[in-house]
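# Summary of the model geometry
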Amino acid sequence: LNKSTKKADFKGLLFALCMFHSLVLGRRKFGSQGWSRHYSFNDGDLTICADVLYNYLERYEEVPYADLRYLYGEIMYGGHITDDWDRRTNATYLKTLIRPELLSGMNLVPNFKSPDPAKFDHSAYSKYIEEKLPQESPQMFGLHPNA
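On a predicted model such as this, the values are computed, not experimentally measured, just so you know.

Rules and cut-offs
- Residues numbered from 1 in each chain as written.
- Predicted model: local features only at pLDDT ≥ 70, side-chain atom pairs only at ≥ 80, totals over all residues.
- Heavy atoms only, no water.
- Helix = DSSP H or I, 4+ residues; strand = E, 2+ residues; numbered from the N terminus.
- Buried < 20%, exposed > 50% of the residue type's maximum accessible area, 1.4 Å probe, protein only.
- Contact = heavy atoms within 4.5 Å.
- Areas by Shrake-Rupley, 256 points an atom, 1.4 Å probe, with all protein chains shown as cover.
- Lys, Arg positive; Asp, Glu negative; His and termini not counted.
- Charge placed at Lys NZ, Arg CZ, Asp CG, Glu CD.
- Salt bridge = Lys/Arg side-chain N within 4 Å of Asp/Glu carboxyl O.
- Phe/Tyr/Trp six-rings, centres within 6.5 Å; stacked < 30°, edge-to-face > 60°.
- Lys NZ or Arg CZ within 6 Å of the ring centre and 35° of its normal.
- Expected span 1.5 Å × (residues − 1).
- Arc of directions from axis to C-beta.
- Polar contact = N/O pair within 3.5 Å; in protein donor to acceptor, adjacent residues only side chain to side chain.
- Axes fitted to C-alpha atoms, helices over the stretch in contact; angles between N-to-C directions.
- Parallel < 35°, antiparallel > 145°, perpendicular 65-115°, else oblique.
- Left-handed = near helix turned anticlockwise from the far one by under 90°.

### Some thoughts on the overall build of the protein
Scanning the protein from terminus to terminus reveals five helices and two strands. Listed N to C, the secondary structure of the protein is α-α-α-α-β-β-α in terms of helices and strands. Along the three orthogonal principal directions, the C-alpha set of the protein runs to about 40 × 35 × 25 Å. Looking at the protein as a whole, 42% of its 147 residues are labelled buried. At a minimum sequence separation of 6, the contacts of the protein that also span at least 24 residues come to 63%. Of the accessible surface of the protein, which amounts to about 8,200 Å², a share of 50% is contributed by carbon and sulfur atoms. For the protein, the distance from the average position of its 18 positive side-chain charges to the average position of its 18 negative side-chain charges is 3 Å.

Written as structure tokens, this is what we have:
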């Protein structure tokens, strides 16, 4: 968490990236209502995306949100996706999560805000997740309550 020269941006975006990863994996529980096909998303996708995030933050003066969304949505995670509707769902998650408001306490999912990255270290993030993450529900994944 501390290797980036843009610590707040890196921590905030990495937290959102982890949330995105958990949502993408969690949709599997809903069968064909979650994803139309079974995709082989894995922890390697998250690791590579974190490396890309670090490299892009170090290379560019301003955070390239659109570039990151494209790389994650069309190449890293999107490389697994073959269905157009699933690709659209994936892009919607990224548009919702990977944006500047992330650094100022926006809702990541219903009733779960992004914490202030300037005030959080690894243990604070862990504690925040344990204490504040709401119980899993279909709405958390953008699905109908009856899913």
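And the narrative resumes.
### Some remarks on the side chain of Asp 9
Relative to the helices and strands, Asp 9 resides in helix 1 (residues 7–26). Despite being buried, Asp 9 has no salt bridge partner; Lys 6 is the closest side chain of opposite charge, sitting 5.9 Å away. Those residues in contact with Asp 9, other than ones at most four positions away along the chain, are Leu 57, Val 63 and Leu 103.

### So, the environment of Ala 8
Within the fold, Ala 8 resides in helix 1. A residue is classified by how much of its surface remains accessible, and Ala 8, at 32% relative accessible area, is partly exposed. Separated by 76 residues in sequence, Ala 8 and Asp 84 place their C-alpha atoms 34 Å apart. Once you skip the residues sitting within four places of it in the chain, Ala 8 turns out to touch Leu 103 and Pro 117.

### A look at the packing of aromatic side chains
Overall, the coordinates contain 14 aromatic pairs when judged by the stated rule. These aromatic residues form a ring-pair network of at least three members: Phe 15, Phe 112, Phe 120, Tyr 125 and Tyr 128. The side chain of Lys 3 reaches across the aromatic face of Tyr 54, ending 4.6 Å from its centre. Between the NZ or CZ atom of Arg 27 and the centre of the ring of Trp 35, over which it lies, the distance is 5.3 Å.

### Some details on helix 2 (residues 43–59)
For helix 2, spanning 17 residues, the distance from its first C-alpha to its last is 24 Å, which sits close to the expected 24 Å at 1.5 Å a residue. Here helix 2 has its buried residues at Asp 45, Leu 46, Cys 49, Ala 50, Val 52, Leu 53 and Leu 57. Seen along its axis, helix 2 keeps its buried residues to an arc of 165°; they face one direction. Residues of helix 2 that are buried make contact with helix 1 and helix 3 (65–76). The backbone nitrogen of Gly 44 has a side-chain oxygen 2.8 Å away, supplied by the residue at the start of helix 2, namely Asn 42.

### Concerning the packing of helix 1 against helix 2
Viewed as axis vectors pointing N to C, helix 1 and helix 2 meet at an angle of 155°, and their least axial separation amounts to 10 Å. Taken together, helix 1 and helix 2 sit at an angle that is classed as roughly antiparallel. Of the two possible hands of crossing, helix 1 and helix 2 adopt the one that is right-handed. Within the contact between the two elements, helix 1 uses Asp 9, Phe 10, Leu 13, Leu 14, Leu 17, Cys 18 and His 21 and helix 2 uses Asp 43, Leu 46, Cys 49, Ala 50, Leu 53, Tyr 54 and Leu 57.

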